[in-house]
Amino acid sequence: MDIVNEAHFRQSEYNTRRHFLKKCVTGMGAVTLGSMMGGANLFAKNLLSPGGGAGMPHFVPKAKHVIYLHMAGAPSQLELFDYKPELQKMNGQSCPPSLLEGKRFAFIRGVPQMLGPQSTFKQYGESRTWVSDYLPRFAEVADEVTFLKSVHTDEFNHAPAQFLMQTGSPRTGRPSLGGWVTYGLGSPNENLPGFVVLLSAGGPTGGKRLWGSGFLPTVHQGVQCQSTGTPVQNLGNPKGVDSKMRKKSVDIINKINELEYQEAQDPEILTRISQYEMAFKMQTSVPKVMNIDSEPDYIQKMYGVTPGKNSFANNCLLARRLVENGVRFVQLYDDGWDMHGAGPGGGVGDGLRRKCKQIDQPISALLMDLKQRGMLEDTLVVWGGEFGRTPMMEARTGKNFLGRDHHNEAFTMWMTGGGIKKGHTHGETDEIGYSAISGKVHVHDIQATILNQLGLDHERLTYRFQGRDFRLTDVHGNVIKDILT
Amino acid sequence: MSKYICLLLIAFFWSCQNSKDDEISFNRDVRPILNDKCLRCHGGVKASGEFSLLFEEDAFGQTQSGATAIVRGNHSKSELYKRIVHEDPELRMPFDAPALTQKEIDVLVQWIDQGAKWEKHWAYVPPKRDIEPPTIDSLSWAKNKIDQFVYAKMQEKELSPSPEADKATLLRRLYLDLIGIPPTHEEVKVFMENSAEDAYEKEVDKLLASSHFGERWAAMWMDLARYADSKGYEKDSNREIWKFRDYVINAFNEDMPFDKFSIEQLAGDLLPNPTEQQLIATAFHRNTLANDEGGTDNEEFRIAAVVERVATTYEVWQGTTMACVQCHSHPYDPFRHEEFYQSMAFFNNAKDNDSYFEEPKFFTYSEENREEVESLLAYIDAELLPEDAAPKEPYLYSEKEAVLTRLGYRMHEAESFYESSSFIELDESLSLLWQVQDSSWVKYDQIDLENIEQIGFFASATIGYAGDISIHLDSLKGKKIGAVKITKTGESKKGADNRYNTREFKAAIDATEGKHDVYLRFFKGERYDGHLFYLDKMRFYEREPRMKLYSTAFNQKLKKLAEIPATSTPIIQELPPVEARKTHLFERGSWLTLGNEVESGIPNIYGYPETEEPKDRLAFAQWMMSEKNPLVARVAVNRFWEQLFGFGLVESMEEFGTQGEKPTHPELLDWMAVRFETTHDWHVKPLLRELVLSATYRQSSDADVEKIEKDSRNQWLSRGFRTRLSAEQIRDQVLTVSGLLNPLVGGPSVTNSSVDGGWTGVPDWAVKGDSAKYRRSLYTLWKRVTPPNEMLTFDSPDRSVCTSRRIRTNTPLQALNLLNDETFFEASNALAVQMLQADADPEEQLMFGYAKVMGRKISDKKLLLLKELYHDAQEHFKQEKKDSNFPEAAIERIGDEKNNLAALVIVANALLNLDEFIVKG
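Residues numbered from 1 in each chain as written. Chains lettered and ligands numbered in written order. Predicted model: local features only at pLDDT ≥ 70, side-chain atom pairs only at ≥ 80, totals over all residues.

Participant: I would appreciate a short explanation of the packing of helix 20 (residues 632-645) of chain B against helix 22 (residues 684-693) of chain B in the present structure.
Facilitator: Geometrically, a packed helix pair is captured by the angle between its two axes and the distance between the axes. Residues and elements named next belong to chain B. Following both chains from N to C, one finds helix 20 and helix 22 inclined at 45 degrees, their axes separated by 11 Å at the closest point. Between helix 20 and helix 22, the crossing angle belongs to the class labelled oblique. When you trace helix 20 past helix 22, the crossing you get is right-handed. Residues Val 637, Phe 640, Trp 641 and Leu 644 of helix 20 form the contact with helix 22, whose own contacting residues are Val 684, Leu 687, Leu 688, Leu 691 and Val 692. Tallied by class, the residues present in the contact of helix 20 with helix 22 amount to nine nonpolar, no polar and no charged. (Axes fitted to C-alpha atoms, helices over the stretch in contact; angles between N-to-C directions. Helix = DSSP H or I, 4+ residues; strand = E, 2+ residues; numbered from the N terminus. Parallel < 35°, antiparallel > 145°, perpendicular 65-115°, else oblique. Left-handed = near helix turned anticlockwise from the far one by under 90°. Contact = placed C-beta atoms within 7 Å. Nonpolar A, V, L, I, M, F, W, Y, C, P; charged D, E, K, R; others polar.)

Quick look at the structure:
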């Protein structure tokens with residue numbers, strides 16, 4: 001066994017020993033038993049995101065990768081997908097008291113007016129799905145996706161709702177969805193992180209904790225990559241060090257560490273040696289993947305990328321490239337969807353229309369591109385915000401700014417690929433889009449479904465912390481069976 | 001593969017062996033079975049069939065079916081037995097799961113037949129106060145009593161101790177452990193040359209007395225206190241709370257007893273005549289998150305903070321997870337649902353309410369300003385007319401306030417409101433208020449308006465007619481007593497900060513008596529705008545202010561006094577009894593579904609007579625630190641142990657309950673706990689002294705095959721621990737060995753290349769620039785939404801919640817950080833320059849570099865490798881023509897020196913990346 005292989009071996013042994021052994025003795029957690037018995041399989045796992053083992057996946061997965069497009073700030077379902085002609089008729093009328101009794105809103109006080117949809121809708125494709133004129137290109141691929149029209153959440157403030165959506169809990173401190181996935185499955189490419197995060201138009205208000213590892217080992221943290229400048233922090237060599245010199249110095253560092261190992265016999269040294277090799281490899285592999293210039297012209301045009309700048313389009317193309325290269329979970333956050341109508345261009349009229357223009361082409365390109373490469377088969381794509389918007393206008397500053405308040409009782413998300421039905425709609429809201437009347441799904445159900453498609457049982461994907469087995473979905477969540485192929 | 005099976009089998013037999021003893025022990029033999037197989041349905045969350053095995057009274061009570069589950073002394077009459085051996089799979093327990101093994105059934109049968117003796121989990125039984133260290137045959141090895149426990153355990157496991165680590169390694173270990181930074185070159189030299197018997201002991205005492213001692217141990221406490229310089233949640237506004245960190249540093253430096261330290265943090269405000277420091281200590285629980293996001297309900301997030309305080313208190317001082325009891329009884333440990341709320345009642349009366357400005361706050365002066373304030377007050381005091389004299393206030397700031405108020409010089413910060421509408425914003429340092437929309441408002445608590453005839457508003461605006469302020473009493477739509485129009489104070493210029501361009505706008509006030517809540521309502525002027533106007537402060541003008549009776553010089557002093565800046569710290573303060581909040585149980589943990597009202601109290605498991613139960617937060621804190629509390633000293637010594645040895649004696653430091661790990665050395669843990677409480681009288685320094693003086697601590701960390709085979713995890717302490725350093729230790733060490741470290745102790749948080757201000761930027765009070773760059777990591781400004789990357793990379797928590805234990809990982813991102821980070825590479829440059837200066841001979845330079853970094857002499861083999869790297873780099877730079885391809889330090893140099901220095905930078909960079917450098921060997 002050469003030293004790197006030995007390092008892999010020791011690493012897996014070490015992890016097993018440290019975190020799993022004693023749980024076995026007390027008999028807790030079948031998962032950990034599985035990973036112990038399947039220790040040999042760990043050799044193939046990426047040390048960037050060790051985890052998994054023969055116990056996982058729990059069953060045959062439909063999806064191997066996830067691209068999650070989170071529209072931070074919460075887009076209005078009423079302008080985009082949930083077409084409500086009745087609401088148009090009520091435009092300008094006072095909100096019926098029945099909708100307000102016992103409810104809590106973020107900003108609405110008193111009796112607001114109803115606000116009709118500001119976009120126009122048409123039916124598209126074989127599924128005759130209603131889609132807004134804000135998203136003309138996406139409308140053309142609407143047949144590819146399943147719409148979830150009755151998603152609900154417990155929170156109506158951005159940061160807590162984002163935490164709930166991405167970590168299963170509205171308070172901080174829990175691991176993120178992507179972290180749970182790499183914890184469960186590891187990562188197929190050992191030269192790239194298993195969980196990559198890309199930001200556009202700023203970042204989500206919840207900040208880095210949205211892709212934090214919580215109580216999981218920090219290897220399960222999302223790695224934030226940038227489409228401009230250095231793709232990963234500290235990836236570039238400092239001034240005066242070129243890659244030849246870097247190779248030499250890593251080589252010497254590792255040789256000295258080998259000497260150290262002979263004395264101290266600490267297996268962590270072997271792991272460190274392999275991590276330095278990997279770090280060096282990442283210095284070449286990551287920029288290569290992150291370089292969208294190498295894509296043919298027509299692909300760049302298809303997405304509408306702007307190389308060298310930060311944009312959602314760039315990130316969509318990067319998402320495809322990352323998945324293509326084996327990254328398990330790619331999380332995109334696009335900020336700026338909080339349309340309260342608090343100022344010019346900040347409403348669900350022109351403001352939202354402009355914002356939609358930034359994502360319309362890239363998203364449809366992403367779906368078409370994944371499809372033409374046969375990647376949509378095993379890549380699950382998820383789109384949504386942290387909650388929805390009210391059918392009532394939030395009259396904050398006067399008549400010309402048409403905004404909607406935060407709404408957590410019903411909003412729309414969509415999913416596609418990785419074993420999700422095409423051209424399907426799950427759930428329906430009432431005639432004004434206020435509450436769900438059928439197919440109601442909670443955030444935890446979405447999470448359970450995502451894990452399910454990856455071959456993970458959300459009730460069995462657990463981690464022992466503070467004397468308790470924690471899950472992404474806490475004690476909730478049901479897989480949404482109706483949307484699966 | 002076979003290895004794992006082998007391990008499993010060993011583990012299995014080991015666990016079986018225990019049950020062969022004749023006397024069945026509930027804790028040792030029975031509880032693990034119940035926890036594992038039964039409590040999921042018959043525990044704290046569910047009690048199927050009205051049967052629960054969590055509490056003794058439930059276990060022996062009647063179940064739903066009328067049967068008695070456990071009949072002491074008679075297993076065949078016990079329903080529990082009947083059900084675990086039942087033939088019908090529908091009735092056989094555990095339900096819908098594999099049957100118990102014969103072995104497990106035997107254990108339960110024997111236990112019942114032997115009388116079913118119930119025992120508390122070990123952690124809830126107070127430690128015995130008369131434990132004697134075991135007598136051992138190798139007294140020559142043992143240096144103190146700790147070693148006797150450890151040695152006895154080693155013998156039991158057929159292990160023997162390792163030799164003492166070499167002097168240099170030991171010294172470095174000691175420095176990193178006690179003060180968090182390695183010894184300097186000179187310090188190593190002195191120690192190596194000192195052959196006196198007590199040389200090591202002298203070093204220990206020197207380090208315990210160092211002012212860096214407090215910094216190192218405060219770093220540990222910061223994770224527990226979830227300390228950060230921002231509030232978390234969406235806006236992540238800045239929070240000025242660094243005085244709390246200084247308090248912790250000082251407490252450790254002064255060797256404040258741990259019980260005092262704890263009580264001050266939990267209830268310093270309730271101590272009789274609390275000192276400034278005791279009030280600042282209560283900021284411990286003001287480190288909770290606060291939500292400034294528009295449209296949030298302050299009460300919701302006030303409650304979230306209070307709930308979190310309960311959970312944190314139990315984790316820090318009791319090693320107990322209470323968070324799950326918020327929603328239901330503890331699934332595995334004997335805590336009932338309502339007991340969470342009884343504990344919460346102790347904390348529920350804190351005055352703070354998630355308001356923007358974070359009242360209540362306590363103000364203190366820097367040393368410099370304090371002197372000035374004192375001298376101004378002395379001057380004023382001497383000049384005061386007898387009728388203006390009044391009793392002294394307890395704190396300097398309140399004294400200043402009282403004097404100014406008495407004389408009629410009254411200023412009020414605009415941002416010190418207690419409540420506000422959604423559309424109120426503050427600047428990054430929270431010192432300026434503005435209204436982003438029309439019709440917003442703020443409320444100030446209990447302002448004395450007696451004799452006030454005018455209020456001056458110090459405002460800035462860039463719109464001609466920016467808006468209006470109207471002043472109302474007691475409620476938003478209460479009596480209007482005055483109004484003022486705000487107009488332009490300066491031009492709007494791109495990039496310029498117009499916010500501080502203030503002018504005073506005076507509003508005449510209707511005569512009003514006494515104190516009132518004052519509401520300010522803000523309205524737009526000629527148009528809507530994002531920011532109508534900014535408001536900095538207000539001045540209240542009295543009709544006949546006393547200060548008019550004094551000289552101009554006197555009045556100038558008053559003005560000066562009023563303008564001296566103070567540092568604010570949010571603190572905990574109890575609401576007065578009339579405003580006391582009632583505490584209700586929350587059904588399923590939801591604050592919107594109130595259950596029964598509960599009174600404050602401690603969980604029953606602690607076995608405290610109800611009549612003696614603590615009734616307020618102070619009494620609760622005192623109970624926690626009393627000998628009646630079984631956990632606090634154990635949890636504390638375990639933390640200190642873990643910081644030195646890498647793992648706690650109870651590895652799950654956050655969880656001492658039944659689901660936590662068992663202590664590897666229970667008698668040692670208890671003996672140390674009692675000793676900490678009694679002999680050391682809660683002093684941390686003597687505790688640590690004893691630990692580092694032990695032979696156990698001084699062992700070499702080198703392992704051999706036998707030790708790894710027998711004890712791969714080093715649970716039985718037959719060698720030293722080889723532990724990767726913490727994020728703070730790694731960076732501080734890099735700064736120390738490169739000579740960049742700025743060793744200043746204490747003060748406001750600082751910015752450096754790893755600081756990202758996030759949405760709300762870097763506050764005014766943070767230290768910036770060169771003096772900030774190389775301070776110890778403890779001082780790095782910590783924004784919760786964007787914490788310093790390198791800290792997270794090296795396994796630091798993000799400080800959103802209390803964290804007892806950092807799980808160490810080993811990742812390529814850590815390698816990238818050490819290789820390429822800006823500050824780390826600056827350190828490589830700085831170290832290279834020193835290497836160059838150290839000697840003319842390149843080989844000597846390399847040896848010097850290694851010795852500087854590792855505090856010991858390099859081995860020949862390692863030196864050979866460094867030489868190889870040096871020569872390669874030298875050749876490389878010889879070929880290099882462009883200045884921009886040289887490391888920073890070498891650019892200005894010429895000729896050979898340029899290439900040599902550049903090559904040394906490469907070597908220095910490698911040295912700072914060695915495994916041995918980032919671990920404590």
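Don't stop here, the text continues.
Participant: Looking at this model, I keep getting lost on the nonpolar core. Mind explaining?
Facilitator: Side chains that are nonpolar tend, in soluble globular proteins, to be buried together. In this structure, Ala319(A), Val330(A), Val382(A) and Val907(B) are the most contacted members of the largest nonpolar core, which totals 311 residues. A total of 11 residues in this core trace back to one element, the largest contributor, which is helix 9 (residues 267-290) of chain A. Not counting chain neighbours up to four residues away, the residues in contact with Ala319(A) comprise Ile67(A), Leu198(A), Val330(A), Leu332(A) and Leu366(A). Within the second largest apolar cluster, 35 residues are counted, among which are Ala414(B), Ile452(B), Ala466(B) and Val518(B). (Core = buried A, V, L, I, M, F, W, Y, C linked by C-beta atoms within 7 Å. Buried ≥ 20, exposed ≤ 12 C-beta atoms within 10 Å, placed from the backbone.)

Participant: Looking at this structure, I do not really get the packing of helix 9 (residues 199-208) of chain B against helix 22 of chain B. What am I missing?
Facilitator: Residue and element names in this part refer to chain B. Orientation of helix 9 relative to helix 22, taken along the N-to-C sense of each, is 150 degrees, at an axis distance of 11 Å. Between helix 9 and helix 22, the interaxial angle falls into the category roughly antiparallel. With respect to the hand of their crossing, helix 9 and helix 22 are arranged in right-handed fashion. Along its contact with helix 9, which presents Glu 201, Val 204 and Leu 208, the element helix 22 presents Lys 685, Arg 689, Val 692 and Leu 693.

Participant: Any chance you could explain the domain arrangement of chain A here in plain terms?
Facilitator: Reports often express the size of an interface as the amount of accessible area lost when the parts come together. Residues and elements named next belong to chain A. Annotation of chain A at the domain level lists domain 1 (1-44), domain 2 (59-228 + 309-483) and domain 3 (237-296). At the interface, 11 residues of domain 2 touch nine residues of domain 3. In terms of residue count, the dominant contributor to the side of domain 2 that touches domain 3 is helix 11 (residues 312-324) (five residues). Of the residues that constitute the side of domain 2 that touches domain 3, the class distribution is five nonpolar, four polar and two charged. (Domains from an automatic or database assignment.)

Participant: Just checking my understanding: could you explain the interface of chain A and chain B for this structure?
Facilitator: The interface of chain A with chain B comprises 73 residues on the first partner and 89 residues on the second. Looking at the side of chain A that touches chain B, the elements with two or more residues in it are helix 1 (3-25), helix 2 (30-37), helix 6 (158-167), helix 8 (243-264) and helix 9 of chain A. Sorting elements by how many residues they give to the side of chain A that touches chain B places helix 8 of chain A first, with 12 residues. The class makeup of the residues in the side of chain A that touches chain B is 29 nonpolar, 28 polar and 16 charged.

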